[in-house]
2 protein chains.
Amino acid sequence: MARRNVFYAQSGGVTAVINASACGVIETARRHRDRIGKVYAGRNGILGALHEDMIDTSRETVRAIAALRHTPGGAFGSARYKLKPIEESRAEYERLIEVFDAHNIGYFFYNGGGDSMDTAHKVAQLGRELGYPITCIGVPKTVDNDLPVTDCCPGFGSVAKYVAVSTREAALDVASMARTSTRVFILEVMGRHAGWIAAAAGLAGQGADEPPHLILFPEIPFDRKGFLRRVQQCVERNEYCVIVVSEGARDADGHFLADAGTRDAFGHKQLGGVAQEIATMVRDELGLKYHYAIADYLQRSARHIASAVDVEQAYAVGRAAVELALAGQNAIMPCIVRKSDRPYRWVIGQVPLSRVANREKKMPRRFITRDGYGITAAARRYLEPLIQGEDYPPYRAGLPDYVHLRNHPVTKKLA
Amino acid sequence: MARRNVFYAQSGGVTAVINASACGVIETARRHRDRIGKVYAGRNGILGALHEDMIDTSRETVRAIAALRHTPGGAFGSARYKLKPIEESRAEYERLIEVFDAHNIGYFFYNGGGDSMDTAHKVAQLGRELGYPITCIGVPKTVDNDLPVTDCCPGFGSVAKYVAVSTREAALDVASMARTSTRVFILEVMGRHAGWIAAAAGLAGQGADEPPHLILFPEIPFDRKGFLRRVQQCVERNEYCVIVVSEGARDADGHFLADAGTRDAFGHKQLGGVAQEIATMVRDELGLKYHYAIADYLQRSARHIASAVDVEQAYAVGRAAVELALAGQNAIMPCIVRKSDRPYRWVIGQVPLSRVANREKKMPRRFITRDGYGITAAARRYLEPLIQGEDYPPYRAGLPDYVHLRNHPVTKKLA
């Protein structure tokens, strides 16, 4: 069988562990030199293929590739760029195939969320249609944990650990000071349509009197009056109140509590500022002193406090992508299959891309307490295993020693 | 010599390592049972003395006290409460002495910043005046690093490490996505009057083209036009721009860029929202997509990424407070004396409270680059040693295992 090259690209928002998946892909490909030539990475994701702007990862040392496992961000650049339906932009898909053909690319590994799985799926279809042999494998990644079928998404466990740790720590601070200073602390976390990340903050404490006292989920329409009453009661009972709010929190009409009005390249609304909304409400209606934190990119890049389970899974789906491709699979995504909660056991499974493309997994209602402000025992059973273990990066001069690849370009062959 | 008890209190904003100082005080006091009776801690700081609401730390196990070393927040509660000048509120000072007398307290260890050193100093003076023998020792603590004389303040090194790590991580995220998403990322950090914390973020990179690209210090009047030009240039050159802004950033007239208008118990303005100010400016004037994070309490409670040097120094000043008191010193504060930068060597010194009370140490101008947006080699030489080493807390079930003390009350003796 002729050796063919790999095209690997990162897509959408990056995570603390997406490079661990890249590491899994590249290291595994390097172990199969009989069948796989070089691994080319798209500079800035799929744009790298469209512009024939690729990076030759074979120019990187074994040590540099190994260091991807502990380096956050997207080492080759990612992109928020969604290919339109084939009927609208057939030229773009054909361009991909043209570039792949020019560089003898037989494997397309696309590391991203639901939109990217859709693209990988379409490239597989078009390859078949055009008679160009291309193996397309999706590599799951999203901090939002909203891909279907897979038990969890690499990237989520680490952001979950970050928000749970940060909530526990900030709550200790607020509790110490409540008598004479801040009474209400609000932490804004990511999660546009699903409350998975906000739910993870719930792991910081047990029961209604341990922080976080209130979680505002996108799944539960915001009830201003009920919420303010709960804050008041919480402060009376505990002296302080810690609130975790999802950026996707919305009112009964489905409007985001904070809507900056701008949209990203995928057409999603750019959110931000819900913490301030809540804070202002608390001050104006209850007269309580507040502070708020907005974790923003800190939460999804915090490799320094990554979940060891998450790192391992991110690497495993990268490795599995290559192994499944070599086993003759196509148009599939390796996924995480949970075998048991306690002790936590998981294996890698696989799912057709058609089943994951453009589908969003919401958090089950049974994960949220009846009152809508906390997480249930079922949620804890699901979430707890995902934040287990610390996988600290190496440090140099007091700071994490993250790798910067050389990112040597592949010589262009097309006009 | 008769055994006398200790009164220990935490004051002002807590830190990731103030409990390490408490640990130093209590463990050292326990080693001198011949001369020190019990260590009583003020519940909610000095309020605990005023209300005769004290905690008997002798009821805590050796293990629990040892765990204070790795637990953030203020284990006994802190307070933003400043005693007025003696002439205005002599009754309060006399009440302190009355409570101390009732509980045979011969040592007052006050763990805080400049305001607290002033209080400790006044109690020492009043004790002398009233003929009540009380040894008053200040234990330095402040994330702001603005106490004079001491080379650095316990609490600062850990927040410095947190912001440097977070800046490095978030910058990797932004760099990956810049082509199609966020161009400008802003991290808002603490530091009301001095830019020490903002400066620490500068350790994340070297030179003008490594993030953070721009730092906005309280010490440098904000120049809107010049700043926007720099952002534009940075994005043209690097595709993205990472900005770290101090909450205390202000314009040429001395007005804070973001002024929430409210004041805390010390009469300081409550700040917040400068990141959003800058972000809006960048969007409106340059049309660039932005994101911003506000670290707020996360930065000063992040024990999970504490500086090992900071933890050690926090413990050392607590231990030294007891040892200096037993050596007959009074009205002093143990401080950090730097012996050399590289290798970093330090010892504990001491300074009269009168020399530290109510004085603020600003960052020297020579620590800020000529253009006002970065840190100099001198700043690096000063800052780098303070973030060295990782002192990870123990974990349980994926989360830091922080101690919750029993906080058993001391029986009241007064009306």
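Remember, predicted model here, so these are calculated numbers, not experimental data.

### Quick notes on the overall build of chain A
Scanning chain A from terminus to terminus reveals 13 helices and 13 strands. Since a compact globule built from 415 residues should have a radius of gyration of about 22 Å, the 22 Å found for chain A is in line with a globular shape. With respect to the three principal axes, the spread of C-alpha positions in chain A is 70 × 45 × 40 Å. Across the 415 residues that make up chain A, the buried fraction comes to 59%. Partitioning the contacts of chain A with sequence separation of at least 6, the portion at a separation of at least 24 is 75%.

### Quick notes on helix α5 (residues 114-130) of chain B
All names here are of chain B. Here α5 is 17 residues long and its end C-alpha atoms lie 24 Å apart, about the 24 Å a rise of 1.5 Å per residue gives. By the criterion of burial, α5 is predominantly enclosed, with 12 of the 17 residues buried. Where α5 is buried, its residues contact α4 (90-102), β4 (105-112), β5 (135-140), β10 (332-340) and α12 (353-356). Two residues or fewer past α5, Gly 131 is found with a positive phi of approximately 70°.

### Topic: α4(B)
All names here are of chain B. Here α4 contains 13 residues, and its C-alpha end-to-end distance of 18 Å stays within 8% of the 18 Å for a straight helix at 1.5 Å per residue. Where α4 is concerned, the buried positions are Tyr 93, Leu 96, Ile 97, Val 99 and Phe 100. An end-on view of α4 places all buried positions within 160° of arc, on one side of the element. Among the exposed residues of α4, those oriented more than 90 degrees off its buried face are Arg 90, Ala 91 and Ala 102. For α4, the secondary structure elements touched by its buried residues are β1 (4-10), α2 (47-50), β4 and α5. At the exit of α4 stands Asn 104, carrying a positive phi of roughly 50°.

### Some words on unusual backbone geometry
Residues and elements named next belong to chain A. Between Pro 211 and the following residue, Pro 212, the backbone shows a cis peptide bond with an omega angle of 0°. Even without a glycine there, the phi angle at Asn 104 is positive, about 55°. A positive phi angle is found at Val 149, which is not glycine, with a value near 70°. Looking at the secondary structure, you find Val 149 in the loop between β5 (135-140) and α6 (156-177).

### A look at the domain arrangement of chain A
All names here are of chain A. Per the domain assignment, the segments making up chain A are domain 1 (4-142 + 305-357 + 390-400) and domain 2 (156-303). A separation of 33 Å is found between the C-alpha centroids of domain 1 and domain 2. Facing 20 residues of domain 1, the contacting portion of domain 2 comprises 14 residues. For the side of domain 1 that touches domain 2, the class distribution of residues is 9 nonpolar, 7 polar and 4 charged.

### Description of the interface of chain B and chain A
Taken together, the contact pairs 57 residues of chain B with 57 residues of chain A. A breakdown of the residues in the side of chain B that touches chain A according to their chemical character gives 30 nonpolar, 15 polar and 12 charged.

### Looking at the relation of the copies chain B and chain A
Taken as rigid bodies, chain B and chain A are interconverted by a rotation of 180° and an axial shift of 0.0 Å, the fit giving an RMSD of 0.0 Å. When the rotation and shift are considered jointly, the pair of chain copies conforms to a two-fold rotation axis. The C-alpha atom lying nearest the rotation axis in chain B is that of B:Ile294; the distance is 2.4 Å. A shared binding surface is used by both copies, with 100% of the interface residues of chain B retained as interface residues in chain A.

### Some details on the pairing of β1(B)
All names here are of chain B. Most of β1 is tucked away, with 6 of its 7 residues classed as buried. Here β1 pairs with strand β2 (residues 36-42) via 4 bridges, running parallel. Of the residues in β2, the one forming a bridge with Tyr 8 is Ala 41. Between the parallel elements β1 and β2, the chain passes through helix α1 (residues 18-30) in a crossover that is right-handed. Bridge analysis of β1 against β4 gives 6 bridges, and the strand direction is parallel. Paired with Ala 9 across the two strands is Tyr 110, which belongs to β4.

### With respect to the environment of B:His193
Relative to the helices and strands, B:His193 resides in the loop between β6 (184-189) and α7 (196-201). On the basis of neighbour counts, which here come to 18 C-beta atoms within 10 Å, the residue B:His193 falls in the partly exposed class.

### A few points about the environment of A:Arg406
Residue and element names in this part refer to chain A. Topologically, Arg 406 is positioned in the segment after β13 (399-400). The spatial distance from the C-alpha of Arg 406 to the C-alpha of Ile 55 is 9.0 Å, given a sequence separation of 351 residues. Contact partners of Arg 406, with chain neighbours within four places excluded, come to Arg 59 and Glu 60.

### What about the packing of α4(B) against α5(B)?
Residues and elements named next belong to chain B. Direction vectors running N to C along α4 and α5 enclose 75°, while the axes themselves pass 10 Å from each other. Relative to α5, α4 is oriented roughly perpendicular. Taking contact as the criterion, the partners of Tyr 93, Leu 96 and Ile 97 in α4 are, on α5, Lys 122, Val 123, Leu 126, Gly 127 and Leu 130.

### Regarding the packing of helix α8 (residues 224-238) of chain A against helix α9 (residues 274-286) of chain A
Residue and element names in this part refer to chain A. Contact pair α8 / α9: the axes reach a minimum separation of 11 Å and the direction vectors enclose 75°. Judged by the angle between their axes, α8 and α9 are roughly perpendicular. On the side of α8, the interface is formed by Leu 228, Val 231 and Gln 232, while α9 contributes Met 281, Val 282, Glu 285 and Leu 286. Taken together, the residues of the contact of α8 with α9 sort by class into 5 nonpolar, 1 polar and 1 charged.

Reading the values: rules and limits
- Residues numbered from 1 in each chain as written.
- Chains lettered and ligands numbered in written order.
- Predicted model: local features only at pLDDT ≥ 70, side-chain atom pairs only at ≥ 80, totals over all residues.
- Helix = DSSP H or I, 4+ residues; strand = E, 2+ residues; numbered from the N terminus.
- Rg over C-alpha atoms; globule rule 2.2 N^0.38 Å.
- Buried ≥ 20, exposed ≤ 12 C-beta atoms within 10 Å, placed from the backbone.
- Contact = placed C-beta atoms within 7 Å.
- Expected span 1.5 Å × (residues − 1).
- Arc of directions from axis to C-beta.
- Domains from an automatic or database assignment.
- Nonpolar A, V, L, I, M, F, W, Y, C, P; charged D, E, K, R; others polar.
- Least-squares fit on C-alpha atoms with pLDDT ≥ 70 in both.
- Pairing = 2+ DSSP bridges.
- Right-handed = clockwise from strand over helix to strand, strands pointing away.
- Axes fitted to C-alpha atoms, helices over the stretch in contact; angles between N-to-C directions.
- Parallel < 35°, antiparallel > 145°, perpendicular 65-115°, else oblique.

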